[in-house]
Amino acid sequence: AGKVEFRDVHFSYDPNRKILKGISFEVPAGKTVAIVGPSGAGKSTISRLLFRFYDIQGGKILIDGQDIRDVTQESLRAAIGMVPQDTVLFNDTIAYNIRYGRVDASEEDVRKAAELAQIGPFIERLPDGYRSMVGERGLKLSGGEKQRVAIARTILKAPPILMLDEATSALDSHTEQEIQAALDLVSQGRTTIVIAHRLSTVISADEIIVLQDGQIAERGTHAALMGKA
Ligand code: ADP
Ligand code: ADP
């Protein structure tokens, strides 16, 4: 389960400026589609529309054949896991942050998810440091560590659909590679939409869609698109 379809989707934030001008693509269950393109092309808008933050003005968005207009917000949020560019964490323990959205999860499951995401030793810490009784200042989580918290949350939630919106773009290249490896593991077997700036970061996607000015300029595998260049 988890097939995602955009059928001739039209969208504007305001009537004077079209953002998506008839976008169609399909992500078969368990496959990965990457959306690349310049800043402002409408990539993040696609992710917001899948969560139904906004209503579209034309076309349809379907999950497993069902129009998302007929799906409750709760089911949508349960079906889609999101790792954004910058994960904003609650000022509570890492364990609390991992458990967010799955309050019924056992402590054991939270710990396992943290270990898989390689953030295990941090789970009792606070994201932005803390002042202890003896006046010590705790360490802040780095950007990569915050992404690991988001990954642990996704492992625990185990959604059929995964949305990665430039999830590694704020990281230095060494950390980016580590987080990319963790994301590859999480996305295995899930329907995954990866939003990226550069083609080089989405080599293994089943299909790459190049979005330009609200339209699909090109589509194909990495090899096919490179062959054209
Ligand atoms: P990308 O992710 O490809 O950089 P976005 O989908 O974030 O692009 O944005 C596409 C266009 O829509 C941009 O020109 C942006 O300025 C505009 N935009 C984004 N969000 C809003 C909004 N809430 N209201 C009005 N315009 C917006
Ligand atoms: P980013 O992609 O940088 O994380 P967003 O996706 O939220 O940020 O927005 C992308 C672009 O849309 C930015 O250039 C931002 O200034 C613009 N934007 C965001 N929200 C609005 C808005 N409400 N009205 C107009 N432009 C917006």
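Cut-off values and rules
All residue numbers here refer to positions counted from 1 along the written sequence of the relevant chain. Starting at A for chains and at 1 for ligands, labels are handed out in the order in which the entities are written. Two thresholds apply to this predicted model, a pLDDT of at least 70 for residue-level local features and 80 or more for giving and counting side-chain atom pairs, whereas whole-chain, interface and lining totals are computed over all residues. Values shown for side chains rest on all heavy atoms present in the structure; no hydrogens or waters enter the calculation. For two strands to count as paired, DSSP must find a minimum of two bridges between them. A run of H or I in DSSP becomes a helix once it reaches four residues, and a run of E becomes a strand once it reaches two; helices and strands are each numbered from the N terminus. Under this scheme, a helix contributes an axis fitted over its contacting stretch, all axes are lines through C-alpha atoms, and angles between N-to-C directions fall in the 0 to 180 degree range. Here the nonpolar core consists of buried residues drawn from Ala, Val, Leu, Ile, Met, Phe, Trp, Tyr and Cys, with membership extended through side-chain atoms lying within 4.5 Å. Exposure is judged per residue with a 1.4 Å probe applied to protein chains only, and the accessible area is read against the type maximum: over 50% gives exposed, under 20% gives buried, and values in between give partly exposed. Contacts are assigned to residue pairs with any non-hydrogen atoms lying within 4.5 Å of each other. Throughout this document, a residue counts as near a molecule or strand when at least one of its heavy atoms sits within 4 Å of that molecule or strand. As used in this structure description, the phrase polar contact means that two N or O atoms lie within 3.5 Å; if the pair is within protein, one of them must be able to donate a hydrogen and the other to accept it, and residues adjacent in sequence are counted only when both atoms belong to side chains. To measure how exposed things are, a 1.4 Å probe is used in the Shrake-Rupley method; for residues, cover is taken only from the protein chains shown. Think of a 1 Å grid over just the protein atoms. A cavity is a set of points where a 1.4 Å probe fits yet cannot get out, a pocket is an open set with protein on both sides within 12 Å along at least five of seven lines, and lining residues have an atom within 4 Å of a point. Grid points are joined across faces, edges and corners, and a volume is the space filled by probe spheres set on the points. Throughout this entry, Asp, Glu, Lys and Arg are counted as charged residues, while Ala, Val, Leu, Ile, Met, Phe, Trp, Tyr, Cys and Pro are counted as nonpolar. The remaining residues, Gly among them, count as polar. When a carboxyl oxygen of Asp or Glu is within 4 Å of a side-chain nitrogen of Lys or Arg, the pair counts as a salt bridge.

The name given to the protein chain in an unreviewed UniProt entry is Metal ABC transporter permease, with Mesorhizobium mediterraneum as the source organism.

(A) Local environment of the sheet that holds strand S3 (residues 32–36). The strand order S6-S7-S8-S3-S9-S10 describes an open sheet built from 6 strands, whose pairing is mixed. Looking at strand neighbours, the two that pair on one side only are strand S6 (80–83) and strand S10 (215–220), the edges of this open sheet. Each strand of the sheet is rotated relative to its neighbour by a mean of 20°, with strand direction disregarded. Note that S6 and strand S7 (residues 161–165) share 4 bridges and pair parallel. Residue Ile-80 lies in a different strand from S7, and its bridge partner there is Ile-161.

(B) Seen up close, the nonpolar core. If you look at the biggest cluster of nonpolar residues, it comprises 36 residues, and the most contacted ones within it are Ile-94, Ile-98 and Ile-119. Contributing elements (two or more residues each) for this core: S3, helix H3 (94–99), helix H4 (107–116), helix H5 (143–157), S7, helix H6 (173–187), strand S8 (191–196) and strand S9 (207–212). For this core, the element with the highest residue contribution is H5, accounting for 5 residues. Setting aside chain neighbours within four positions, we find Ile-98 in contact with Val-110, Ala-113, Ala-114, Ile-119, Ile-123, Val-149, Ala-152, Arg-153 and Leu-156. Counting 30 residues, the second-largest nonpolar core is a separate cluster that includes Leu-20, Ile-63, Ile-193 and Leu-211.

(C) Representation of the site of ligand 2 in the model. Around ligand 2 sit Ser-44, Arg-48 and Gln-85, and that is every residue in its neighbourhood. Between ligand 2 and Arg-48, the relevant distance is 2.4 Å, taken from an oxygen atom to a side-chain nitrogen or oxygen of the residue. For ligand 2, the accessible surface in isolation is 540 Å², of which the surrounding protein chains cover 13%.

(D) Broad picture of the layout of surface pockets. Put simply, the largest pocket is a space of about 690 Å³. Residue lining of the largest pocket: 22 residues in total, with Arg-77, Met-82, Tyr-100, Arg-153 and Lys-157 positioned closest to the centre. Those elements giving two or more residues to the lining of the largest pocket turn out to be helix H1 (43–50), helix H2 (73–79), S6 and H5. With 4 residues, the single largest contributor to the lining of the largest pocket is H5. In the lining of the largest pocket, the residues fall into 10 nonpolar, 6 polar and 6 charged. When its volume is computed, the second largest pocket comes out at roughly 450 Å³. The wall of the second largest pocket is formed by 24 residues, among which Gln-180, Asp-184, Val-194, Thr-201 and Val-202 lie closest to the centre. For the lining of the second largest pocket, the secondary structure elements donating two or more residues are H6 and S8. A total of 5 residues in the lining of the second largest pocket trace back to one element, the largest contributor, which is H6. Per-class residue counts for the lining of the second largest pocket are 9 nonpolar, 10 polar and 5 charged.

(E) Structural detail: the site of ligand 1. The environment of ligand 1 is made up of 13 residues, and the closest members are Arg-17, Gly-40, Lys-43, Ser-44 and Thr-45. One of the backbone N or O atoms of Lys-43 is found 2.9 Å from an oxygen atom in ligand 1. Residue Thr-45 places a side-chain N or O atom 2.5 Å away from an oxygen atom belonging to ligand 1. When isolated, ligand 1 has an accessible area of 560 Å², and the protein chains bury 68% of it. The residue inventory of the shell around ligand 1, partitioned by class, reads 5 nonpolar, 5 polar and 3 charged.

(F) Local environment of the pattern of salt bridges. Within the structure shown, the criterion is met by 13 salt bridges. Between Asp-104 and Arg-102 there is a salt bridge, with its nearest N and O atoms 3.1 Å apart. A residue is classified by how much of its surface remains accessible, and Asp-104, at 61% relative accessible area, is exposed. The class for Arg-102 is partly exposed, based on a relative accessible area of 24%. The shortest N-O distance in the salt bridge between Arg-111 and Glu-115 comes to 2.8 Å. Placement of both Arg-111 and Glu-115 in helix H4 is noted, with a separation of 4 residues, approximately one turn of the helix. Overall, Glu-115 belongs to the partly exposed group, its relative accessible area being 45%.

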